[in-house]
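Residues per chain are reported as follows:
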Amino acid sequence: MSMEEQCPTTGNAHPPFHRSSSGFDAHTGIYHSLEKLCNNSQIPTTNELDTFTYLLSQFPHPDHAHNKIALIDSSTNHQLSYAQLLRSIRALAAGFYHGLGVRKGDVIFVLSPNSIMYPTICLAIFSLGAILSPANPINTESEIAKQILDSGATLVISAPQELHKLTRNRVPVMLTTRSSNYLSVEELIECCDPVEFPRVRITQSDTAAILYSSGTTGTSKGVILTHSNFIAIMTLMKWSVHATSSQDDVFLCFIPIFHIYGLAFFALGLFSSGITTVIMSKFDLQGMLDAIQSHQVNNLPAVPPVILGLVKHASKVKCDLSSLRRVGSGAAPLSKELTEEFRKRYPWMELRQGYGLTESCGAATFFASDEQAKAHPGSCGRLLPSFNSKVVDSETGMALPPCREGEVWIKSPTIMQGYLKREEATAATLDSDGWLKTGDLGYFDEDGFLYIVDRIKELIKHNGYQVAPAELEAILLSHPQVVDAAVIPVEDEEAGQIPMAYVVRAAGSDLTQEQIIQYVAIQVAPYKKVRRVAFINTIPKSAAGKILRKELVLYTRQQALSKL
């Protein structure tokens, strides 16, 4: 690297060797976390330990557990104290074990939207050494059947409204709440004695969950996570929450608990910190705003589409958001431009982006303070304690120093064991030393802050140049008449691929294709220009807020074929 080369973040020329503030070791090519766990918050190494037992050790003291609220249902206002939560978990575990014969290693498939019951179900499963395999309730009957079969589930727990999707299922079914002729989780909790809670020998190396990745760039795969992974993530979350929040804080949960973001945060991490969580069954902007006002929510873990909604729509709705102090963003990249718009509109709120994958238990980087986040817009923070990283050149395999883009690799105690029944996919993602190849293009700056540019598989190859869809989407979203946008590659005989934008216009807007193309063109290099534009009512996204580009690519191809 020449002395004249500049850091993409600061624009400053930088030397070929690292600065100590980046955490980069020039001899090994490894970035080390600049954050350290306190002596009293180290990740437990005792093998004879499971997720539930560890979590229970972090619960509020019994003298306070009766008065400390763990969960609130946003629609009914029904509340559950930590003492009631513990009783429900033990009673349900007793019912699973003695009534239904659930044993260690059995896979339990859960199909349900968020509910005040969901964390209880997850923790009861973990307490038995059984294996949780949750699914997105909007999945089709065919997708659900595939996951039940692939995971090897022996019991299905379904919300009543999803029962019709289980017609192909040959596995016993119970419901989350009373309905029809099926046994329900509610009934088990009411009729079973928590004193009969079974004692099962579980180790940290035992499998705790099989979570299916979103499959935004390929076929969905079962990610195997162990009790060790969950114990590590709880320790890190307890440390980070204590660094930024207090036990008096109220969090709002609309992030799906079937997703690693929701599971790690709301069914595990916050309970280990004794915090109150308000649960929404599903997201809608007005419902979220009402819940923030009604319950004086001050912490909002979110995703970029929600941040966008707060910027573009919430100001038009009458609501009181004065209680909200902190907003987090994860699961998908949050652009520098959207971050700056949010800060202008809500100057009293902190906004911090984090980064993680299902394969890393939802964690990797975070911001320790809002001052850090403001000083590094567009970054997703520094490595969490116990995390290491590499930035690898895909062509040479060389580990790169700060301000050089490459594939981000990470290593930590939270990294998955592999993909279920997918040895080749596991080998392609996890190397022999335990490094997880994330498939994300990014770089660290000179202060050790990570910037994710885009998914490597989603980069558009235009005349030999690489174009990041996320960069163009951020520019499109800065247009006042653009509500949402997505950029995809379209095959082109001359250029290989060209960037095409799908745009959702604001109500009443008559924005044209040419106006959008020109708007982007004046802000980017010529090879990055959007070449085609189509208008659409909504951008397809996963439950975690990731743009489902492959659906748009397929739709584009179908449209092209229909014109032939």
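What you see is a predicted model, and the numbers here were worked out from it, not measured in a lab.

Draft legend 1. Up close: the packing of aromatic side chains. All told, the structure shown has 16 aromatic pairs when counted by the stated rule. Look at tyrosine 31 and phenylalanine 444: their rings are 4.2 Å apart centre to centre, the planes differ by 20 degrees, and that puts the pair in the stacked class. Taken together, the positions of tyrosine 31 in strand 2 (residues 30-32) and phenylalanine 444 in strand 21 (residues 436-444) put the pair 413 residues apart, joining distant regions of the chain. Here phenylalanine 444 falls in the buried class, since its relative accessible area comes to 1%. Here a set of aromatic residues connected by ring pairs shows up, and it is made of Phe251, Tyr261, Phe265 and Phe266. The side chain of arginine 103 reaches across the aromatic face of tyrosine 97, ending 3.7 Å from its centre.

Draft legend 2. Highlighting helix 8 (residues 260-269). Within helix 8, 10 of the 10 residues are buried, which leaves it mostly tucked inside the rest of the structure. All buried positions along helix 8 are accounted for by Ile260, Tyr261, Gly262, Leu263, Ala264, Phe265, Phe266, Ala267, Leu268 and Gly269.

Draft legend 3. Broad picture of the pairing of strand 15 (residues 350-353). Relative to strand 15, strand 14 (residues 326-329) runs parallel, the two sharing four bridges. Within strand 15, the position partnered with arginine 326 by the bridge is glutamate 350. Chirality of the crossover, the property in question, places the unit of strand 14, helix 11 (residues 336-345) and strand 15 among those that are right-handed.

Draft legend 4. Local environment of the sheet that holds strand 1 (residues 24-25). Strands sit in the order 1-2-18-19-21-22 across an open sheet of six strands; the sheet is antiparallel. The open sheet terminates on both sides in strands that have one partner only, identified here as strand 1 and strand 22 (450-455). Two strands pair when backbone bridges link them, and strand 21 and strand 22 are joined in this way by five bridges, in the antiparallel orientation. Looking across to strand 22, one finds that glycine 442 is bridged to isoleucine 452.

Draft legend 5. Here's a closer look at helix 15 (residues 513-521). Considered for burial, the residues of helix 15 that qualify are Ile516, Ile517, Val520 and Ala521. Around the axis of helix 15, the buried residues are gathered within 130 degrees of arc, so they sit on the same side.

Draft legend 6. A look at the packing of helix 4 (residues 118-127) against helix 8. Their axes nearest at 10 Å, the elements helix 4 and helix 8 cross at an angle of 80 degrees. Classified by the angle their axes make, helix 4 and helix 8 are roughly perpendicular. Across from Pro119, Cys122, Leu123 and Phe126 in helix 4, the residues of helix 8 making contact are Leu263, Phe266, Ala267 and Leu268. Considering only residue class, the contact of helix 4 with helix 8 consists of eight nonpolar, no polar and no charged.

Reading the values: the criteria
- Residues numbered from 1 in each chain as written.
- Predicted model: local features only at pLDDT ≥ 70, side-chain atom pairs only at ≥ 80, totals over all residues.
- Heavy atoms only, no water.
- Phe/Tyr/Trp six-rings, centres within 6.5 Å; stacked < 30°, edge-to-face > 60°.
- Helix = DSSP H or I, 4+ residues; strand = E, 2+ residues; numbered from the N terminus.
- Buried < 20%, exposed > 50% of the residue type's maximum accessible area, 1.4 Å probe, protein only.
- Lys NZ or Arg CZ within 6 Å of the ring centre and 35° of its normal.
- Pairing = 2+ DSSP bridges.
- Right-handed = clockwise from strand over helix to strand, strands pointing away.
- Arc of directions from axis to C-beta.
- Axes fitted to C-alpha atoms, helices over the stretch in contact; angles between N-to-C directions.
- Parallel < 35°, antiparallel > 145°, perpendicular 65-115°, else oblique.
- Contact = heavy atoms within 4.5 Å.
- Nonpolar A, V, L, I, M, F, W, Y, C, P; charged D, E, K, R; others polar.

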